[in-house]
Amino acid sequence: MPLLLEPFASDFMLRALIGGSLCAAICAVVGTWVVIRGMAFLGEAMAHGMLPGVALATLAGVPVILGATASAVLMSLGVSALARRGRLSHDTSIGLFFVGMLAAGVIIISHSRSFATDATAILFGDVLAIEGSGVLLLAVALVATVLVAAAFHRSFVGLAFDRRVAEVMGLRPRLGQILLVALVTLAVVASYQAVGALLVIGLLLAPAVAASSWTVRIPVIMALAAGVGVLSVTLGLLASWHLGTAAGASIALAAIACAAASGLLRGVIRRSPSISLPSPGDRLPAPSSQKAVRAHA
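Residues numbered from 1 in each chain as written. Predicted model: local features only at pLDDT ≥ 70, side-chain atom pairs only at ≥ 80, totals over all residues. Heavy atoms only, no water.

**Some details on the environment of G67**
Structurally, G67 can be placed in helix α5 (residues 64-85). Look past the residues within four positions of G67 in its chain and what remains in contact with it is G53, V54 and A57. (Helix = DSSP H or I, 4+ residues; strand = E, 2+ residues; numbered from the N terminus. Contact = heavy atoms within 4.5 Å.)

Laid out in structure tokens, this is it:
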């Protein structure tokens, strides 16, 4: 027990734990929809797409979250415009902007005298440097995420099943798609300082994947994913403290390990005839019926 409590006696470690846990909760809510909708590539592109804004903010000496937000919004608007007006598929549009924004960010960073330090902080984060104002900002982001996810839950469910049926039922799938992309952007930007641009996708996906092995109810998946995320943050920070490893990378690896352990445990339990668990086919198979949409909405 002392090994678990000793690191968090330090103020900076306690702030890292609270801030990281808030990030995990945000990513749990958004990551559940990312996994259900198969939007992992968009999340990864957003994480890399904010790099130019972060780099410019770092060089200009302004809060990096402003640059990250501006760059991520530009990325989402550009992808939407290119996919809507051009002949390219959505994935192709994301890929083009992803590479372009990443290259622009690296070019901007290369002009900094502290290139190595800036690049490390941007790509891998620095959860141990979270301050009180950062914790407050994450708390506000979490409240906003939960409110939007609750208010537009039916729209998100309609998108997950059948967009045309959702339109007929008045679930506003177009607005739901815009807000879902906005939530992905918010989660990526909010989690940037904790785990960085390269590792944020692990915290966004792994806890939701781990939780989805045990239930098909979306609110329950979100709650379980939040618990897995907080556990990952705790384990990652403890590993960083005792082993001297990078905190952000340790958190991301702990999240992946939790997802792997969840999958293995589920496989073992499924072999028990006395226990019934949801099968992969139960996970939102996207039937085109109003009854199915109403059941999950």
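**Points about the environment of L205**
The residue L205 is located in helix α11 (residues 173-212) in this model. Between the C-alpha atoms of L205 and A259, which are 54 residues apart in sequence, the distance is 9.1 Å. Discounting residues that sit within four places of it in the chain, L205 has contacts with V34, V35 and A40.

**What to know about the state of the cysteines**
Per the counting criterion, the structure on display carries zero disulfides. Here C23 stays free of any disulfide, with the sulfur of C27 as its closest cysteine sulfur at 6.4 Å. Residue class for C23 comes out buried when judged on its relative accessible area of 0%. (Disulfide = S-S within 2.5 Å. Buried < 20%, exposed > 50% of the residue type's maximum accessible area, 1.4 Å probe, protein only.)

**Focus: the packing of aromatic side chains**
In total, this model carries two aromatic pairs according to the counting rule given. Consider the rings of W33 and F156, whose centres lie 5.6 Å apart with planes at 65 degrees: the pair is edge-to-face. Residue W33 is located in helix α2 (residues 11-37), and its partner F156 is located in helix α9 (residues 153-161); the two are separated by 123 residues in the primary sequence. Its relative accessible area of 0% is what places F156 among the buried residues. (Phe/Tyr/Trp six-rings, centres within 6.5 Å; stacked < 30°, edge-to-face > 60°.)

**Some words on the nonpolar core**
Counting 67 residues, the largest nonpolar core has W33, M50, V127 and L237 as its most contacted members. Per element, the largest residue contribution to this core is 19 residues, and it comes from α11. When near neighbours in sequence (up to four residues on either side) are disregarded, W33 contacts H153, F156, V157, A160, L180, I218 and M222. Among the nonpolar cores identified, the runner-up in size contains six residues, and A206, A210, V228 and C258 belong to it. (Core = buried A, V, L, I, M, F, W, Y, C linked by side-chain atoms within 4.5 Å.)

**A word on helix α12 (residues 218-243)**
When the terminal C-alpha atoms of α12 are compared, their 36 Å separation across 26 residues agrees well with the 38 Å that a helix rising 1.5 Å per residue should span. Within two residues after α12, G244 carries a phi angle of roughly 70 degrees, on the positive side. (Expected span 1.5 Å × (residues − 1).)

**Observations regarding a nonpolar patch on the surface**
Taken together, the side chains of I65, L66 and L137 define a hydrophobic patch exposed on the protein surface, amounting to about 260 Å² of accessible area. In this fold, L137 is placed in helix α8 (residues 132-151). (Patch = residues over 30% accessible without salt bridge, like charges linked within 9 Å, V, L, I, M, F, W, Y side chains within 5 Å. Areas by Shrake-Rupley, 256 points an atom, 1.4 Å probe, with all protein chains shown as cover. Salt bridge = Lys/Arg side-chain N within 4 Å of Asp/Glu carboxyl O.)

**With respect to the packing of α2 against α9**
It is the contact of α2 with α9, at a shortest axis distance of 10 Å, that shows an interaxial angle of 20 degrees. Comparing the axis directions of α2 and α9 gives the class roughly parallel. Crossing of α2 against α9: the hand is left-handed. Where α2 approaches α9, its residues W33, I36 and R37 are matched on the opposing element by H153, F156, V157, L159 and A160. (Axes fitted to C-alpha atoms, helices over the stretch in contact; angles between N-to-C directions. Parallel < 35°, antiparallel > 145°, perpendicular 65-115°, else oblique. Left-handed = near helix turned anticlockwise from the far one by under 90°.)

**Remarks on the side chain of S191**
Mapped onto the elements of the fold, S191 is located in helix α11. A relative accessible area of 0% places S191 in the buried class. A polar contact of 2.9 Å, which involves the side chain of S191, links it to the backbone oxygen of A187. Setting aside residues no more than four positions away along its own chain, S191 makes contact with C23, C27, G196 and V200. (Polar contact = N/O pair within 3.5 Å; in protein donor to acceptor, adjacent residues only side chain to side chain.)

These figures come from the coordinates and say nothing about function on their own.
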